[in-house]
Amino acid sequence: MSVRILAAAAALGLSALLQPGAAGAQTLVVCSEASPDFLNPQFSSQNTAYDVAAQIYDRLVATERGGSQIIPSLAESWTISEDGLTYIFKLRHGVKWHTNKSFTPTRDFNADDVVFSVMRMFDENHPYYKVGGTNYQFFGEIVKPSLKAIEKVDDYTVKVTLTRPYAPLLSALSVEPMSILSAEYADAMTKANTQDLVNQAPIGTGPFSLLAYQKDATVRFRAVPDHWTKAVGNKDRMALVNDLIFVITPDASVRYAKVKSGECQIARYPNPGDLPAMRTDPNLTLLSGSIADQSFLAFNQQKKPFDDKRVREALVYATNIPAIIDAVYQGTGKQAAAIVPPSLWSHNDTLKPRPYDPAKAKALLTEAGFPNGFKTVLWAIPVVRAYMPNGRRAAELIQADWAKVGVEAQIQSYEWGEYLKRGRAGDHEVGMFGYTWDYPDPSQILLSGWHCDGVKSGANRARWCNKEFSALLTKANTITDQAERTKMFMRMQEIFQEDVGGLLFANAQAFTPVRKEVKDYKIHFFGGQPFVGVSLVK
Amino acid sequence: MLRFILTRVSLVIPTFLGITLLAFFLIRLVPGDPIETMAGERGIDATRHEILRKELGLDRPLLVQYGVYIERVLHGDLGKSIVTRESVISEFGALFPATIELALCAILLALIIGLPAGIIAAVKRNSIFDHGVMGISLTGYSMPIFWWGLLLILLFSVQLGITPVSGRIAVQYYIEPVTGFLTVDSLLAGDFDAFKSALSHLVLPAIVLGTVPLAVIARMTRSAMLEVLGEDYIRTARAKGMAPLRVVALHALRNALIPVITVIGLQVGALFTGAILTETIFSWPGVGKWLIEAISRRDYPILQGGTLLIGVVVMSVNLLVDLLYGLINPRIRHAR
Amino acid sequence: MTAETLETPSATVPAGTPPHPLREFWSYFSANRGAVAGLIVIVLVLLAAVFADVLAPHSPYLTNDKVFLKPPFWQEGGSISYPLGTDAIGRDILSRLLYGARLSLVIGIVVVAIAMAIGIVLGLVAGFFKGITEIAIMRLMDIVLTMPSLLLAIVIVAILGPGLMNAMLAVAIVVLPHYVRITRAAVIAETSKDYVIAAKVSGAGTLRLMFSEVLPNCAAPLIVQATLGVSTAILDAAALGFLGLGAQPPTPEWGTMLADAREFVLRAWWVVTLPGLAILITVLAFNLLGDGLRDALDPKLKR
């Protein structure tokens, strides 16, 4: 007997609701790739959890669906002080909380909820700080370092003060870990002494409420009839189906087979290898969008001979990246020249990638004192990532390419956690790494991945420290004028290419096969995928 | 008899302790860092890393951690997953019925086909049927089942569209878990369509998981039957003019079943191994897949608790088989 | 992973005085058509492995970005220069299968050698020195048997790191208990026999007794177990490879090839079907041979 499902079911009071047939109207079934690690996104840094939270919760601000524009959500408007240290948020009126078996809200959403949601992660003495562990990953890494205080001014006004100007704050607030939870629900659960329910049986203000979650099987949602977006009247942000079900299907070929047979209407993260067949399938539409990612080889520049720019440049010339894009990305990626991807503002499209030129590579190697090449170890990513669909296959191709200029690379891989840890410690000579952006601000990945400060912590995997680049980046984060910042980011991308900070592979395309009856699905690439605005037409 | 049971049960305790030791220390030897794995590409700063280690009790000396662990285990607490913070027992409880349902169906399938096939092969020794059964079962025994599963999906689900591709039941059915076995629960709920759906989802995984036990049972039944059929009392019965069918059914089969039961008992461990691969291929939400995931996430409590619980299950089945064996065959009882 | 329990051969040795033991063995063995077929297949696989350099039309590592996922020659779009088609990065499948045969045989033999060497020593020790040593060894083996073998193998590989050598070691550890048990059972059966008692009385040392008197007489069940063990080892190593924990690319190990090919299951049947078929045929051949050996070596079935 499943204790947990029963507990969750009881808490949600769903036995009556879930009878087959009761769903009657439209049900959207999505084949997703894994169980969420948490139902409360504050603890997670995984897309699986973000995807669930994107339906259940709202945040102060949102990213426009399928785009990169920050738009109002629970906050209707905001003002930022001249010095960039104070943010005042005006909150939306009439936003309703979900109901479940153990909790019926008595009031609408207000400033107390916002303060509660942040303070439970920020204040170590907060009664909820330790409920469910203290690992607030996103908040701890991205928001907390510059946060000074958050206060309620009145029921519908919240004031956030920072310790230093931090331009990306607003974008960061749009990501699922910054979801707004109900303070009233927390109080009620404290009284009932069932604090854990706040994390396990989520109550949000989102367009869908959670009906049931069965680990490794399904996540079931139901549309909220009186969601605030209906009053606003924006169809793009409304739930247009009655029920939403994620069917957890870890194997990509199986997801494809299921969407083919109609067992689900949307299959996420297809195999690149299946794309050609999906394009020709009369029942499917293959949607695509570029994701905001970075995928690269980090030459550890604290190790010889990679401190020599000529060696790095030679290896870039020696690598047939278009062939990698063909074999690994199945021709779906676009070779990258700039470290800011085309899907983000301030992408520098004047930069051109270095061509595949083994002769030039050989010449540069000779110039650097390695006419016969050298031996090195090449790390291959052991897991499938959106930015690197098959690390091992890419490594095999690189190995073969480099052998042609005398560089003998041995392929090495570790378990993922170990891989990350060793990469942070700088054990690699040449390592394959990558990132995806969580929010639409170029600084996120540049700061953690390429700034000189990251060399000591190891987050800068290439241990590439360019003074001019880092100074510009530091400065770009303290000013809020986007035009000014764009200029700086453009210049940073030039510096990166000149100095060969690393070998960039491709900007991956994200694909989603959907059945023909699915209307208006848009691939969303910052945080969780929203299923509002999607409908089914027969 | 009681003494036999007691000695047999007392032998279980050191094995149990051994399993906790093995599970605990072997898993700690695995390099890797659950905190780092959780943090992913973006990483985690050193101070927060340290705080988390403390919170999870990973900073204490190993022996102390083991002591704490054993004490908790004795109190029935197997800890909480590092990744999801859910208790190990409740996660196991939610997923284990799926594995059991699959394993039972697989064994059932193996018995229904394997037993008669083995018996007939033995009775008609050296006939075409015998050679056929032996050939097929040896092929089944040699089957890389991860590949077998893929082939079956390709054929039955993709090409012919007869069976669903994966999962336990079609999504439109939500069956309140009572026993956790969807086939049983759907019948309890009186929903015959849901039952059919659950059953059709079971077919391919059960075939894949049942293939090796089927082969083993067919072969074992055949050789046990051959042995028994050669015994004097069977010859006597035959000589006395007993009908061949009666000889087989009444005398031979009963005696031949003893080794077969043992083999089924021994297959339980192998079934879990098969379940790991089968669940991976068919997205079956069971404990096999759960443990594989726990390894890649370095989720120590899940791994320890999971191996322990599975160890207990395997041990209990073996114990049961031994006791059954002792019941059927009194000679064993006194041998120890 | 399919371990254990094909019927374990009994420890008894042929009695009586046949003309020549080897000839007698061969007459029984060759009468078993399955076993002979198995032997032939194994010889073929062996030849493929030995002469892979000559037979393979391409290098198994040579990638060709012009022929990604080409079908076998008899299908439309295939060409005779890649008889069995190519994989996702344009390597010749036939060549990789041929070199894979080499790896699979090595895996089978190395795993069995390691497991047998350790297993025999532990089994002999357990059989000879009764008491606490025996209990300790046999309990440990019980524990290993209680854990699902694949899970244990995965944990061991996780500790040692993925790779062919480590995968072989992991599989060897997992199958170890079978060898220990068989040896111990055989030793216990043998030590009560007259010739051992006679040797003991005449003052033979324990070591001599173990290795030169008792061990040769346990050879029959061990040979059978070893042959069947090769097939188990190949299967288990392939399963590890399939889960991404065995041989690492670009090594053309069959299980690893299969893992790599999984994403093309709906698009390119040959990259998935062929390595699996290769595993099945080789494993089947070893099982047929093992069966034949058992029947030929086990007097009870000769009636």
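No experiment lies behind these values; they were computed from the predicted model shown.

Cut-offs used in this document
Residues numbered from 1 in each chain as written. Chains lettered and ligands numbered in written order. Predicted model: local features only at pLDDT ≥ 70, side-chain atom pairs only at ≥ 80, totals over all residues. Heavy atoms only, no water. Helix = DSSP H or I, 4+ residues; strand = E, 2+ residues; numbered from the N terminus. Buried < 20%, exposed > 50% of the residue type's maximum accessible area, 1.4 Å probe, protein only. Contact = heavy atoms within 4.5 Å. Areas by Shrake-Rupley, 256 points an atom, 1.4 Å probe, with all protein chains shown as cover. Lys, Arg positive; Asp, Glu negative; His and termini not counted. Charge placed at Lys NZ, Arg CZ, Asp CG, Glu CD. Buried area = accessible area lost by both parts, 1.4 Å probe. Salt bridge = Lys/Arg side-chain N within 4 Å of Asp/Glu carboxyl O. Polar contact = N/O pair within 3.5 Å; in protein donor to acceptor, adjacent residues only side chain to side chain. Core = buried A, V, L, I, M, F, W, Y, C linked by side-chain atoms within 4.5 Å. Pairing = 2+ DSSP bridges. Axes fitted to C-alpha atoms, helices over the stretch in contact; angles between N-to-C directions. Nonpolar A, V, L, I, M, F, W, Y, C, P; charged D, E, K, R; others polar. Parallel < 35°, antiparallel > 145°, perpendicular 65-115°, else oblique. Left-handed = near helix turned anticlockwise from the far one by under 90°. UniProt positions renumbered as here; feature names shortened; annotations may be inferred. Disulfide = S-S within 2.5 Å. Phe/Tyr/Trp six-rings, centres within 6.5 Å; stacked < 30°, edge-to-face > 60°. pLDDT = per-residue confidence, 0-100.

J.: Would you mind going over the overall build of chain C with me for this structure?
T.: Within chain C one finds 12 helices and zero strands. Put simply, chain C runs from its N terminus to its C terminus through helices and strands in the order α-α-α-α-α-α-α-α-α-α-α-α. Projecting the C-alpha coordinates of chain C onto the three principal axes gives extents of approximately 75 × 45 × 30 Å. Split into buried and exposed, the 303 residues of chain C put 57% on the buried side. Across chain C, the fraction of contacts at a sequence separation of at least 24, relative to all contacts at a separation of at least 6, is 72%. When the accessible surface of chain C is summed, it comes to about 12,000 Å², and 69% of that surface belongs to carbon and sulfur atoms. Computed over 20 positive and 20 negative side-chain charges, the inter-centroid distance for chain C is 4 Å.

J.: Honestly, the interface of chain B and chain C in this entry has me stumped. Any pointers?
T.: By convention, interface size is frequently given as the accessible area that disappears when the constituent parts associate. On the side of chain C, 44 residues touch chain B, which itself brings 50 residues to the contact. If you sort the residues of chain B by the area they bury against chain C, B:Tyr141, B:Phe146 and B:Trp147 come out on top, with a joint share of 16%. Seen at the junction of chain B and chain C, the total is one salt bridge. With a shortest N-O distance of 2.7 Å, C:Asp291 and B:Arg219 are connected by a salt bridge. Summed over the shared surface of chain B and chain C, the result is seven residue pairs in polar contact (both at pLDDT 80 or more).

J.: Quick question: what am I supposed to make of the environment of B:Gly190 here?
T.: Residue and element names in this part refer to chain B. Along the chain, Gly190 falls in the loop between helix H9 (182-188) and helix H10 (192-229). Gly190 sits in the exposed class, given a relative accessible area of 61%. Through-space distance from the C-alpha of Gly190 to that of Lys80 is 36 Å; in sequence the pair is 110 residues apart.

J.: For this particular structure, what's the right way to read the nonpolar core?
T.: One recurring pattern in soluble globular proteins: nonpolar side chains tend to sit buried together. Residues and elements named next belong to chain A. Counting 154 residues, the largest nonpolar core has Leu28, Trp402, Met432 and Phe505 as the members making the most contacts within it. The element contributing the most residues to this core is helix H3 (residues 111-122), with seven residues. Setting aside residues up to four positions removed in sequence, Phe505 forms contacts with Ser295, Phe296, Leu297, Ile321, Ile324, Tyr329, Lys334, Gln335, Ala336, Met388, Ile398 and Met432.

J.: Any chance you could explain the sheet that holds strand E7 (residues 157-162) of chain A here in plain terms?
T.: Backbone-to-backbone hydrogen bonds join strands into a sheet, with any given pair of strands oriented parallel or antiparallel. Residue and element names in this part refer to chain A. Spatial strand order, E4-E5-E7-E6: four strands in an open sheet with antiparallel pairing. Edge positions in the sheet fall to strand E4 (75-80) and strand E6 (147-154), since each has one partner strand and no second. Neighbouring strand axes in the sheet, compared pairwise and without regard to direction, differ in orientation by 20° on average. Across five bridges, E4 lies against strand E5 (residues 86-91) in antiparallel orientation. Each residue of the ladder has a partner; that of Ser77, found in E5, is Lys90. H3 contacts E5, E6 and E7 of the sheet and is inclined by roughly 160° relative to E6.

J.: Just to check I follow, could you spell out the interface of chain A and chain B for this structure?
T.: Facing the 58 residues of chain A at the interface are 50 residues of chain B. Between chain A and chain B, roughly 4,700 Å² of surface is buried when both sides are summed, and carbon and sulfur atoms account for 51% of that area. The interface formed by chain A and chain B contains one salt bridge. Note that A:Lys215 is salt-bridged to B:Glu91, the shortest N-O span being 3.9 Å. Here chain A and chain B share one residue pair in polar contact (both at pLDDT 80 or more) between them. Within the residue set of the side of chain A that touches chain B, elements represented by two or more residues are helix H1 (3-12), helix H4 (137-143), strand E8 (208-214), strand E9 (218-223), strand E10 (243-248), helix H9 (252-261), helix H15 (416-425) and strand E17 (430-436) of chain A. The element that contributes the greatest number of residues to the side of chain A that touches chain B is H15(A), accounting for six residues. Counted by class, the side of chain A that touches chain B contains 24 nonpolar, 17 polar and 17 charged residues.

J.: Looking at this structure, I do not really get the packing of helix H7 (residues 128-141) of chain B against H10(B). What am I missing?
T.: For any two helices packed against each other, one specifies the crossing angle of their axes together with the interaxial distance. All names here are of chain B. Two numbers describe how H7 lies on H10: the axes approach to 8 Å, and their chain directions differ by 140°. Put simply, H7 runs oblique to H10. Taken as a pair, H7 and H10 cross one another with a handedness that is left-handed. Of the residues in H10, those touching H7 at Asp130, Met134, Ser137, Leu138, Gly140 and Tyr141 are Thr211, Val212, Ala215, Val216, Ala218, Arg219 and Arg222. Broken down by class, the residue content of the contact of H7 with H10 amounts to seven nonpolar, three polar and three charged.

J.: Would you mind going over the sheet that holds strand E15 (residues 375-379) of chain A with me for this structure?
T.: All names here are of chain A. With respect to topology, five strands assemble into an open sheet ordered E16-E15-E17-E13-E18, the strand pairing being mixed. Where the open sheet ends on each side, the last strands, each with one partner, are strand E16 (408-412) and strand E18 (503-504). Judged from the two bridges that link them, E15 and E17 form a sheet pairing that is parallel. Bridged to Leu378 within E17 is Val430. Against the sheet, helix H14 (residues 391-403) touches strand E13 (293-299), E15, E16 and E17, its axis set at about 165° to E16. Docked against the sheet, H15 engages E15 and E17, running at close to 110° with respect to E17.

J.: Looking at this structure, how should I read the UniProt feature "transmembrane region" (unreviewed entry) in chain B?
T.: All names here are of chain B. The feature "transmembrane region" (unreviewed entry), as annotated in UniProt, sits at residues 12-30, 100-123, 144-162, 198-218, 256-282 and 302-328 in this numbering. Spanning residues 12-30, this segment combines 95% helix with 0% strand, and its end C-alpha atoms are found 27 Å apart. Spanning residues 198-218, this segment combines 100% helix with 0% strand, and its end C-alpha atoms are found 28 Å apart.

J.: Honestly, the environment of B:Leu102 in this entry has me stumped. Any pointers?
T.: Residue and element names in this part refer to chain B. Within the secondary structure, Leu102 is located in helix H6 (residues 88-123). Overall, Leu102 belongs to the buried group, its relative accessible area being 0%. In this structure the C-alpha to C-alpha distance between Leu102 and Ser81, which are 21 residues apart in sequence, comes to 25 Å. If sequence neighbours within four positions are ignored, Leu102 has contacts with Leu202, Pro205, Ala206, Leu209, Thr278, Glu279 and Trp284.

J.: What should I look at first to understand the state of the cysteines in this one?
T.: All names here are of chain A. By the definition in use, this model includes two disulfides over all chains. Two residues, Cys31 and Cys264, share a disulfide whose sulfurs are 2.1 Å apart. Across the S-S bond linking Cys31 and Cys264, the dihedral sits near -90°, which makes this disulfide left-handed. With a gap of 233 residues between them, Cys31 in strand E1 (residues 27-32) and Cys264 in the loop between H9 and strand E11 (266-267) connect regions that are remote in the sequence.

J.: What should I look at first to understand the packing of aromatic side chains in this one?
T.: Here the distance between the centres and the angle between the planes together describe a pair of aromatic rings. Considering all chains together, one arrives at 39 aromatic pairs over all chains under this definition. A ring pair is formed by B:Phe24 and B:Tyr66, whose centres lie 5.2 Å apart and whose planes are at 65°; its orientation type is edge-to-face. In this pair, B:Phe24 is assigned in helix H2 (residues 12-29) and B:Tyr66 in helix H5 (residues 62-74), connecting sequence segments 42 residues apart. Since its relative accessible area comes to 1%, B:Phe24 is described here as buried. An aromatic cluster of three or more residues is present, and its members are A:Phe296, A:Tyr435, A:Trp450, A:Trp464, A:Phe469 and A:Phe496.

J.: Would you mind going over the pairing of E10(A) with me for this structure?
T.: Walk down a regular strand and you will see the side chains alternate between the two sheet faces. Residue and element names in this part refer to chain A. With six of six residues buried, E10 lies mostly within the body of the structure. Residues of E10 alternate between two faces, with Asp243, Ile245 and Val247 on one and Leu244, Phe246 and Ile248 on the opposite face, all of them buried. Sheet analysis places E1 next to E10, joined by six bridges and oriented parallel. Among the inter-strand pairings, Thr27 is bridged to a residue of E10, identified as Asp243.

J.: How should I be thinking about the packing of H2(B) against helix H5 (residues 132-146) of chain C in this particular structure?
T.: Look at H2(B) against H5(C): their axes get within 9 Å of each other, and the N-to-C directions meet at 65°. Compared by their axis directions, H2(B) and H5(C) come out roughly perpendicular. Along this stretch, H2(B) crosses H5(C), giving a crossing that reads as right-handed. Here H2(B) contributes B:Pro14, B:Thr15, B:Gly18, B:Ile19 and B:Leu22 to the contact with H5(C), which in turn contributes C:Arg139, C:Ile143 and C:Thr146. Taken together, the residues that form the contact of H2(B) with H5(C) break down as four nonpolar, three polar and one charged.

J.: Sorry, what's going on with the confidence of the model for chain C here?
T.: Note that predicted coordinates carrying low pLDDT should not be read in detail. Residues and elements named next belong to chain C. Chain-level pLDDT for chain C is 82 on average; 91% of the residues reach the 70-or-more range. In this model, residues 1-14 is a region of pLDDT below 50 whose contacts with residues beyond four sequence positions or in other chains number 50 contacts. Interface confidence for the predicted complex, expressed as ipTM, amounts to 0.81; the pTM equals 0.79.

J.: Would you mind showing me how to read unusual backbone geometry here?
T.: The general pattern is negative phi for most residues beyond glycine and trans for most peptide bonds. Residues and elements named next belong to chain A. A cis amide bond links Lys304 with the next residue in sequence, Pro305, at an omega value of 0°. Phi at Asp216 takes a positive value of approximately 60°, unusual for a residue other than glycine. Note that Asp216 resides in the loop between E8 and E9. Within the chain, Asp520 stands out as a residue other than glycine whose phi angle is a positive 65°. Here Asp520 is to be found in the loop between strand E21 (518-519) and strand E22 (535-536). The partly exposed category is assigned to Asp520, whose relative accessible area is 45%.

J.: Hey, could you run me through the pattern of salt bridges in this one?
T.: Side chains that differ in sign of charge can pair as their charged atoms come close. Within the structure shown, the criterion is met by 37 salt bridges over all chains. A cluster of three or more residues bridged by salt bridges with shared partners is formed by A:Glu396, C:Asp87, C:Arg91 and C:Arg96.

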